[in-house]
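Structural overview
Here is how the chains run, residue by residue.
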Amino acid sequence: QLAARVFFEGYVSEERLQEYYSQADIFLAPSLYESFGLTYLEAMRSSLPGITFSSGAAAEIFAAEEADGALTVPAGENAEFAAAIDKLVGNARLRQELGQAGLDRFQASFTVQAMAQATLRFYQQVLDNFTKRHRDTPKIYQVMDALDSGDAVSKITIDNASLLAELGQPKEILARYAVESVRGYTIPRGRILSDPDSGLIFHYWGYNHSTWMLSIARGRKALYYHNITPPHFFSPDSAAYRLASRGYDQLRRILDQFDLLIGDSQYNLQSLAPYLTRPVPALPVYPVIDPLKLKALPYDTSLLEHLRSTRQVNILFVSRIAPNKRQSPPKGDLD
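Residues numbered from 1 in each chain as written. Predicted model: local features only at pLDDT ≥ 70, side-chain atom pairs only at ≥ 80, totals over all residues. Heavy atoms only, no water.

Helices and strands together make up the secondary structure of the chain, namely 13 helices and 10 strands. Computed over the C-alpha atoms, the radius of gyration of the chain is 35 Å, more than 25% above the 20 Å expected from 2.2 N^0.38 for a compact globule of 335 residues. For the chain, the spread of C-alpha atoms along the three principal axes comes to 105 × 60 × 35 Å. Burial analysis of the chain (335 residues in total) assigns 33% to the buried set. Relative to all contacts within the chain whose residues are 6 or more apart in sequence, the contacts with residues 24 or more apart total 47%. A total accessible area of about 21,800 Å² is found for the chain, and carbon and sulfur atoms account for 56% of it. Averaged over its 34 positive side-chain charges, the chain has a centre that lies 12 Å from the centre of its 37 negative ones. (Helix = DSSP H or I, 4+ residues; strand = E, 2+ residues; numbered from the N terminus. Rg over C-alpha atoms; globule rule 2.2 N^0.38 Å. Buried < 20%, exposed > 50% of the residue type's maximum accessible area, 1.4 Å probe, protein only. Contact = heavy atoms within 4.5 Å. Areas by Shrake-Rupley, 256 points an atom, 1.4 Å probe, with all protein chains shown as cover. Lys, Arg positive; Asp, Glu negative; His and termini not counted. Charge placed at Lys NZ, Arg CZ, Asp CG, Glu CD.)

Take a look at the structure:
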């Protein structure tokens, strides 16, 4: 007998759906979970009293239970669900009260206008909190002893400046020296004297003349370590050997002043371990390389053709011409 009175209509038009809601006396939602449950709102809009499990969206929509238009029972409690049906079927006054409560709840919270206003208030709250957070957040400056054009460390620093600007931080780089082509990215290091609460991202790849800033800045400090060429790569009587040695000595003295270690690679970070006297969080930030962008760059086609025509082994050395890159071996290495 029950099967003859249960119908599965499938998809129906909006008009037909509204007709069904208007003909019903009770809305039953036996779903164990609904992410939102549009059917709840459709029933409430039609002043239908509801019965549902108090799970998923139902717990939010009918937070006040009967006062919001529905009898709710714990999820999976089938006997209680059946008892709620009996209660509602036998009480016309309760059905009317629940139906009116559901309609009131719908009109107060779930009309297009009400939901748009709630969304707008939420976005405004997010914006207000974002503005306050950035207003209260100390500035973070990058520090470069020397900003150049074409070297990897300078490129990473300039790329980071754009990212920091997107986060509401200063894009200007505090630099002791900068070549003319990139000087527009920099401001004098003395800015830290007027912003002593600022934090620092301190780029380090050798002996540095800006370490005095570490005692001035009261904010958090990160060492961005780009590695120092080991002194033994150079002749002991060379200036490069002396600078590399001074860099490692200085690194040992300043490392404990940082709250975070950033490295171009895990290798760089691991090489700092012998100089640490306490645990410090470490974060590898690998340089971003876009192969498609690199392949699209112009190149010397005549040189490429010449290299191919020689039918010899060609070695590509990707680097600046600099002593620490070792394009030319020290005297005696080839003896």
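As a further point, take unusual backbone geometry. Positive phi values are uncommon outside glycine, yet Glu65 reaches one of about 55°. Although it is not a glycine, Arg311 sits at a positive phi angle of roughly 55°. In this structure, Arg311 sits in the segment after α13 (301-309). According to the relative accessible area criterion, Arg311 is exposed, its value standing at 78%.

Here the focus is the sheet that holds strand β5 (residues 173-178). Spatial strand order, β6-β5-β4-β7-β8-β9-β10: 7 strands in an open sheet with parallel pairing. Edge positions in the sheet fall to β6 (186-187) and β10 (282-284), since each of these pairs with one other strand and no more. Here helix α10 (residues 239-254) sits on the sheet and contacts β7 (199-204) and β8 (221-225); the angle it forms with β7, its principal contact strand, is near 155°. (Pairing = 2+ DSSP bridges. Axes fitted to C-alpha atoms, helices over the stretch in contact; angles between N-to-C directions.)

Now for the side chain of Lys221. Relative to the elements of secondary structure, Lys221 occurs in strand β8. No salt bridge forms around the buried Lys221; measuring N to O, its nearest opposite-charge neighbour Asp259 is 5.4 Å away. Apart from residues no more than four positions distant in its own chain, Lys221 is found in contact with Leu200, Leu214, Gln257, Phe258, Asp259 and Leu260. (Salt bridge = Lys/Arg side-chain N within 4 Å of Asp/Glu carboxyl O.)

Turning to the nonpolar core, a few remarks are in order. Ranked by internal contacts, the top residues of the largest apolar core, which has 26 residues, are Leu200, Tyr204, Leu223, Tyr225, Leu251, Leu261 and Leu272. For this core, the secondary-structure elements that each account for two or more residues are β4 (140-147), β7, α9 (213-216), β8 and α10. When residues of this core are assigned to their parent elements, the largest contribution, 4 residues, is made by α10. With residues near it in sequence (within four places) discarded, Tyr204 still touches Leu223, Tyr224, Tyr225, His226, Asn227, Ile228, Gly247, Gln250, Leu251 and Ile254. Core analysis: the next-biggest nonpolar cluster, separate from the first, contains 15 residues, Met44, Ala57, Ala58 and Ile61 among them. (Core = buried A, V, L, I, M, F, W, Y, C linked by side-chain atoms within 4.5 Å.)

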